[in-house]
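Listed here are the chains, written in short residue letters.
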Amino acid sequence: MAVPPSVPDWMRPEGLPTHRMPSAQALQRLVAGNGRHRRECAGENLAPGDAAPAAFPFALVVGCLEPGAAGEELFAERPGAIECVRTAGPSLGADTMAAIEYAALVQNVGIVLVLGHRNCGAVTAAGNARSAGRPPLPGALGDWVPTAAAGTAALPADGAAADPVTGHVRALRAQLRGADSLLTLTRSGQLKIAGGVLDDDTRGIDFLSDEPDEVVEAAELPRTDPSRYGS
Ligand SMILES: [Zn+2]
């Protein structure tokens, strides 16, 4: 079944904007806001920002559930300007995809930031499970391992860029850029899929450059199934 490029109007709650912040402007706000947060964490005394609640969010951050690994405070924004969905790694299961699609297609955010963090225990655990040959694991963890260990699979043989977290973020970014449900928005530039890695100590985010993503084990990553929207 063909994927419709947008959600029907009757699905949209009242009060949401019909436009979205230009994606380049949305990225610039995230970069600037994190710069401010990092300076505050370094002890600088900055003038208070605008504390008035935002009418609607302009960005969605897809980050890891571990303490401090993702959150609105990383961007020193006004309340309500940024939303977060947090899973282990993060990973892109059906519920996470539905949250991303809701933010992009219903709430009209201008940017989705896939955010990893340097000291990620979840990515390490998934990589360990992959190295062990993916033994049977309880519940949904067996299906989660390949989604959270994608970066370890992408490491070059020479180890020149042996950074599983960056590899993981790039793999997820590539998966979202290729998601059928978001193609109309991403190809037209209305929605940006960005990637970043948080330094757990400085609280600064290294925003990844925008080079094309290599395809990482596409056959192993779950495909977006539109029939599971909202599941
Ligand atoms: Zn983590």
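The structure displayed is predicted, hence computed values, not measured ones. (Residues numbered from 1 in each chain as written. Predicted model: local features only at pLDDT ≥ 70, side-chain atom pairs only at ≥ 80, totals over all residues.)

This part takes up the sheet that holds strand β2 (residues 82–87). In space, the five strands of this open sheet follow the order β2-β1-β3-β4-β5, with mixed pairing throughout. At either end of the open sheet lies a strand with only one pairing partner, and these are β2 and β5 (205–207). Strand after strand, the sheet turns through a mean of 25° between neighbouring axes, direction not considered. Summarising the sheet, strand β1 (residues 59–64) and β2 pair through six bridges and their orientation is parallel. In the strand pairing of β2, A59 is matched with I82. Here helix α1 (residues 23–41) sits on the sheet in contact with β1, β3 (111–117), β4 (192–198) and β5, set at roughly 35° to β3. (Pairing = 2+ DSSP bridges. Helix = DSSP H or I, 4+ residues; strand = E, 2+ residues; numbered from the N terminus. Axes fitted to C-alpha atoms, helices over the stretch in contact; angles between N-to-C directions. Contact = placed C-beta atoms within 7 Å.)

Let us look at the confidence of the model for the chain. In the predicted model, the chain carries a mean pLDDT of 86, and the fraction of residues at 70 or more is 85%. pLDDT under 50 marks residues 214–231. Its contacts with residues more than four places away, or in other chains, come to 26 contacts. (pLDDT = per-residue confidence, 0-100.)

With 54 residues, the main nonpolar core has A59, L60, V62, A104, V112 and L113 as its most contacted residues. Ranked by residue count, the leading element in this core is helix α6 (residues 164–177), at six residues. Ignoring sequence-local partners within four residues, the contact set of V112 consists of L60, V62, I100, A103, A104, L176, L191 and I193. (Core = buried A, V, L, I, M, F, W, Y, C linked by C-beta atoms within 7 Å. Buried ≥ 20, exposed ≤ 12 C-beta atoms within 10 Å, placed from the backbone.)

Between its first and last C-alpha atoms helix α2 (residues 94–106) spans 17 Å; for 13 residues at 1.5 Å apiece the expected length is 18 Å, and the two agree. Within α2 the residues assigned to the buried category are M97, I100, A103, A104 and L105. Of the surrounding secondary structure, the elements contacted by the buried residues of α2 are β1, β2, β3, α6 and α7 (183–187). Immediately downstream of α2, the backbone of N108 shows phi near 60°, a positive value. (Expected span 1.5 Å × (residues − 1).)

Inspection of the secondary structure assignment puts A148 in helix α4 (residues 141–148). Along the sequence, A148 and V165 sit 17 residues apart, while their C-alpha atoms lie 9.4 Å from each other. Setting aside chain neighbours within four positions, we find A148 in contact with A88, G89, S91, A122, V123, A126 and H168.

So, about unusual backbone geometry. In this structure, the amide linkage connecting G89 to the following residue, P90, adopts the cis form with an omega of 5°. The residue P90 is located in the loop between β2 and α2 in this model. For A76, which is not glycine, the phi dihedral falls at a positive 45°. Within the secondary structure, A76 sits in the loop between β1 and β2. Given 20 C-beta atoms within a 10 Å radius, A76 is considered buried. Backbone geometry at R203 places phi at a positive 70°, although glycine is not the residue there. Take R203: there are 17 C-beta atoms within 10 Å of it, and that puts it in the partly exposed class.

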